[in-house]
Amino acid sequence: GILGIDKDFVYDFTGWLSLVHPEDQQMMLNYFHEDIGKKRKPFNKEYRVLRRSDSQTRWVSGLGDLIVDSAGTLIAVIGTIQDITERKLMDFELEQARIAAEAANRAKSTFLANMSHELRTPLNVILGFAQLLEKESFSPKAKEYLSFIGVAGRNLLEQINSLLDFSKIEAGQIDLEAKSFS
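Some remarks on the nonpolar core
Link 1 in the chain: Of all hydrophobic cores here, the largest spans 14 residues; its most connected members are Trp16, Val20, Met28, Tyr31, Phe32, Phe43 and Tyr47.
Link 2 in the chain: Looking at this core, the elements that each hand over two or more residues are α1 (13-19), α2 (25-38) and β1 (43-50).
Link 3 in the chain: Per element, the largest residue contribution to this core is four residues, and it comes from α2.
Link 4 in the chain: Discounting residues that sit within four places of it in the chain, tryptophan 16 has contacts with Phe9, Met28, Phe32, Phe43 and Tyr47.

As structure tokens, this is what we get:
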């Protein structure tokens, strides 16, 4: 079974506590003292047990009702436990996948921001010199070629800026600019 106990197991608080994983025992003692002992809440807790038959750690979900005498003294807790180890393992794997995906997304955003900066710097130099050359006295054909460089460079710069903005939006780091409009 879930707990790996034999027919001689004593079903009392001490017996139950001996099944609780050592790392969870203090938490469960506090839970019993506060939530059950003082507040008289029904038992509803997820915790780990150390199975007696093979010393395997298992996650369980316990649900139970309290039995009190006429004076309000707690006599017993009666309930059930369900093995939720597979669900806990799946939750852990999903959390690890989420953390890895967020790290990859941050790395991608950082890469895009760095790449766009690294591309914009030399592109701005090219555009600046193309503008300077357009002011020089060249043949009409050379000026036309310089104009092509300027147009293509500005288009490329616009695409790089859009890529950077998109990267910032994905990373939640976009700076909004307030402007009046019609």
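Considerations on the pairing of strand β3 (residues 74-83)
Link 1 in the chain: Of all ten residues in β3, zero are buried; the element is thus mostly exposed.
Link 2 in the chain: Inspection of the sheet shows strand β2 (residues 57-68) paired to β3 by nine bridges, in the antiparallel sense. Bridging from a neighbouring strand, leucine 63 pairs with threonine 80 of β3.
Link 3 in the chain: In sequence, β2 turns back onto β3 through a hairpin of five residues, with glycine 72 there showing a positive phi of about 90°.

Description of the packing of aromatic side chains
Link 1 in the chain: A full pass over the atoms with the stated rule returns ten aromatic pairs.
Link 2 in the chain: An angle of 90° between the planes, with centres 6.1 Å apart, marks the rings of phenylalanine 43 and tyrosine 47 as edge-to-face.
Link 3 in the chain: Looking at lysine 88, its charged tip hangs above the ring of tryptophan 59, at a distance of 4.5 Å from the centre.

A few points about a nonpolar patch on the surface
Link 1 in the chain: Where nonpolar side chains cluster on the molecular surface, the patch consists of Ile67, Ile75 and Ile78 and spans about 280 Å² of accessible area.
Link 2 in the chain: Here isoleucine 78 shows up in strand β3.

A few points about the environment of isoleucine 126
Link 1 in the chain: Examined against the element boundaries, isoleucine 126 turns out to sit in helix α3 (residues 85-134).
Link 2 in the chain: As a C-alpha pair, isoleucine 126 and glycine 150 span 24 residues in sequence and 8.4 Å in three-dimensional space.

Some points on unusual backbone geometry
It is generally the case that most residues other than glycine have a negative phi and that most peptide bonds are trans.
Link 1 in the chain: We note that arginine 40 has phi near 55°; this positive angle belongs to a residue other than glycine.
Link 2 in the chain: Here arginine 40 is to be found in the loop between α2 and β1.
Link 3 in the chain: The class for arginine 40 is partly exposed, based on a relative accessible area of 33%.
Link 4 in the chain: Backbone geometry at serine 55 places phi at a positive 60°, although glycine is not the residue there.

Topic: α3
Link 1 in the chain: Relative to the 74 Å expected for 50 residues at 1.5 Å per residue, α3 spans 72 Å between its end C-alpha atoms, a close match to the ideal helical length.
Link 2 in the chain: When α3 is considered as a whole, its buried residues turn out to be Thr85, Ser109, Leu112, Ser116, Leu123, Leu127 and Ala130.

Here's the deal with the environment of methionine 27
Link 1 in the chain: Mapped onto the secondary structure, methionine 27 falls in helix α2.
Link 2 in the chain: Overall, methionine 27 belongs to the partly exposed group, its relative accessible area being 33%.
Link 3 in the chain: As for methionine 27 and tyrosine 145, which are separated by 118 residues in sequence, their C-alpha atoms are 76 Å apart.
Link 4 in the chain: Those residues in contact with methionine 27, other than ones at most four positions away along the chain, are Lys45, Glu46 and Tyr47.

Rules used in this analysis
- Residues numbered from 1 in each chain as written.
- Predicted model: local features only at pLDDT ≥ 70, side-chain atom pairs only at ≥ 80, totals over all residues.
- Heavy atoms only, no water.
- Core = buried A, V, L, I, M, F, W, Y, C linked by side-chain atoms within 4.5 Å.
- Buried < 20%, exposed > 50% of the residue type's maximum accessible area, 1.4 Å probe, protein only.
- Helix = DSSP H or I, 4+ residues; strand = E, 2+ residues; numbered from the N terminus.
- Contact = heavy atoms within 4.5 Å.
- Pairing = 2+ DSSP bridges.
- Phe/Tyr/Trp six-rings, centres within 6.5 Å; stacked < 30°, edge-to-face > 60°.
- Lys NZ or Arg CZ within 6 Å of the ring centre and 35° of its normal.
- Patch = residues over 30% accessible without salt bridge, like charges linked within 9 Å, V, L, I, M, F, W, Y side chains within 5 Å.
- Areas by Shrake-Rupley, 256 points an atom, 1.4 Å probe, with all protein chains shown as cover.
- Salt bridge = Lys/Arg side-chain N within 4 Å of Asp/Glu carboxyl O.
- Expected span 1.5 Å × (residues − 1).

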